[in-house]
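Architecture and fold: a report
Here are the chains, one letter per residue:
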Amino acid sequence: MSDFVTESIESGVQILCLDRIQKKNAITLDMYEALTSALHRAELNTDIKVTLIHGAGGDFSSGNDINEFVQIAQTPDKMEVIMAFLQVLSHYKKPLIAGVEGRAVGVGATMLLHCDLVLASREARLQFPFVQLGLVPEAASSHLLPQLVGHQKAFEMLVLGEVVEATQAYEMGLINHLCEAGEAYKMALYYAEKTAALPVEAVALSKDLLKYRAQDDVQMALMREGRIFKDRLRSTEAHQAFAVFLSRNK
């Protein structure tokens, strides 16, 4: 595993923790590779019934590491590491549950669209700031989000990139249940253990039935977004936006 992704297995639940607290759990290529490997292993491990993802500290994830993205923009082929994660995430056959505290930004928000259950603190905030960075939506969010909230609301979230408070996300159906601050992991673990106790094959078949009709559309959106996203990384708009973001952080 990566230094910033930890894994444990308890009562049939694989627990993956994004643990890069000083960077609000921003995800690096090494972390993507660790997550991809962990999900592949889980699919082959009959002892694992459910996967739970959460973030250490007060945030789920602030999205991609922008410093690293500046480097990826010079060698966009490294995007394949990210695409490999999104592929396994979108195809994952076992129940996937997220416990969300604080910020869930960029891929930290879009990965939630692939989860079967999302449990979040009332203090959680989702944001999809791709356009502000000169980029486009990813992780098939351009398909999945309009399906959940409608075109107009999805446009507001994906293009304007405004923060979505947890209560709003709950009302739109992006979050299953809300809890008090600091309780998201505990609630997510409760639902993960509850799911793990159910008949395994029946759960897997039920998840497949729920998702199979949309699977082709999800994969097409994922690949089309990926091609455009890679091109956008080379764009002047993206380079200018990255420079502004990095100077503001300094």
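Residues numbered from 1 in each chain as written. Predicted model: local features only at pLDDT ≥ 70, side-chain atom pairs only at ≥ 80, totals over all residues. Heavy atoms only, no water.

Put simply, the rule is: UniProt positions are given in the numbering used here, feature names are shortened, and annotations may be inferred rather than shown by experiment.
An unreviewed UniProt entry lists the protein under the name Enoyl-CoA hydratase, with Marinomonas profundi as the source organism. Of the protein, the UniProt comment under Subcellular location (unreviewed entry) reads exactly: "Peroxisome".

**Things to note about the overall build of the protein**
The criterion, for reference: In this text, helices come from DSSP runs of H or I with a minimum length of four residues, and strands from runs of E with a minimum of two, each type numbered from the N-terminal end. This radius of gyration counts C-alpha atoms alone. The globule rule is 2.2 Å times how many residues there are, raised to the power 0.38. For every residue, the accessible area (1.4 Å probe, protein chains only) is compared with the maximum for its type, and the residue is labelled buried under 20%, exposed over 50%, or partly exposed between those bounds. The Shrake-Rupley method, run with a 1.4 Å probe sphere, supplies the accessible areas, and residue values consider only the shown protein chains as cover. Counted as positive: Lys and Arg. Counted as negative: Asp and Glu, with His and the chain ends omitted from the count. A charge is said to be at NZ when it belongs to Lys, at CZ for Arg, at CG for Asp and at CD for Glu.
Secondary structure assignment for the protein yields 10 helices and 9 strands. Here the C-alpha atoms of the protein give a radius of gyration of 17 Å, agreeing with the 18 Å that 2.2 N^0.38 yields for 250 residues. Taken along its principal axes, the extent of the C-alpha atoms in the protein is 50 × 35 × 35 Å. Taking all 250 residues of the protein together, the buried fraction comes to 52%. When the accessible surface of the protein is split by element, carbon and sulfur atoms take 53% of a total near 12,000 Å². Across the protein, the mean location of the 24 positive side-chain charges is 3 Å away from that of the 31 negative side-chain charges.

**With respect to the pairing of strand β1 (residues 5-10)**
What counts, and what does not: Pairing between two strands requires that DSSP report at least two bridges joining them.
Across 6 bridges, the pairing between β1 and strand β2 (residues 13-18) is antiparallel. Bridged to V5 within β2 is L18. Hairpin connection between β1 and β2: a loop of 2 residues separates the two successive antiparallel strands, and S11 in this loop has a positive phi of roughly 50 degrees.

**Some details on unusual backbone geometry**
At N25, a residue that is not glycine, the phi angle is positive and equals roughly 60 degrees. With respect to the secondary-structure elements, N25 resides in the loop between β2 and α1 (29-44). Overall, the relative accessible area of 0% leaves N25 in the buried class. In the Ramachandran plot, A139 falls in the positive-phi region, its phi being about 60 degrees despite a non-glycine side chain. Inspection of the secondary structure assignment puts A139 in the loop between β7 (125-127) and α5 (141-149).

**A word on a nonpolar patch on the surface**
What counts here: Like charges within 9 Å and nonpolar side chains (Val, Leu, Ile, Met, Phe, Trp, Tyr) within 5 Å are joined into patches, using only residues over 30% in relative accessible area that form no salt bridge. By convention in these notes, a salt bridge is any Lys or Arg side-chain nitrogen within 4 Å of a carboxyl oxygen on Asp or Glu.
Residues V131, F155, V159 and L160 make up a contiguous nonpolar surface patch of roughly 310 Å² in combined accessible area. With respect to the secondary-structure elements, V131 resides in the loop between β7 and α5. V131 sits in the partly exposed class, given a relative accessible area of 36%.

**Regarding the packing of aromatic side chains**
Let me state the cut-off plainly: Each pair of aromatic rings taken from Phe, Tyr and Trp, with Trp reduced to its six-membered ring, is defined by centres within 6.5 Å and is described as stacked if the planes are under 30 degrees apart, edge-to-face if over 60, and tilted in the remaining cases.
Summed over the entire model, instances satisfying the criterion amount to 4 aromatic pairs. Between Y32 and F85, the ring centres sit 5.5 Å apart and the planes meet at 55 degrees, which makes this aromatic pair tilted. With Y32 in helix α1 and F85 in helix α3 (residues 79-91), this residue pair connects regions lying 53 residues apart in the sequence. Pair check on accessibility: Y32 and F85 agree, each one buried. Ring centres 5.9 Å apart and planes at 80 degrees place the aromatic pair F69 and F229 in the edge-to-face group. A residue pair is termed long-range when its members are at least 10 positions apart, and F69 in helix α2 (residues 66-74) and F229 in helix α9 (residues 200-233) qualify at 160 residues. Relative accessible area serves as the criterion here: at 3%, F69 is assigned to the buried category. Among the aromatic residues, those joined into a cluster by ring pairs are F69, F229 and F242.

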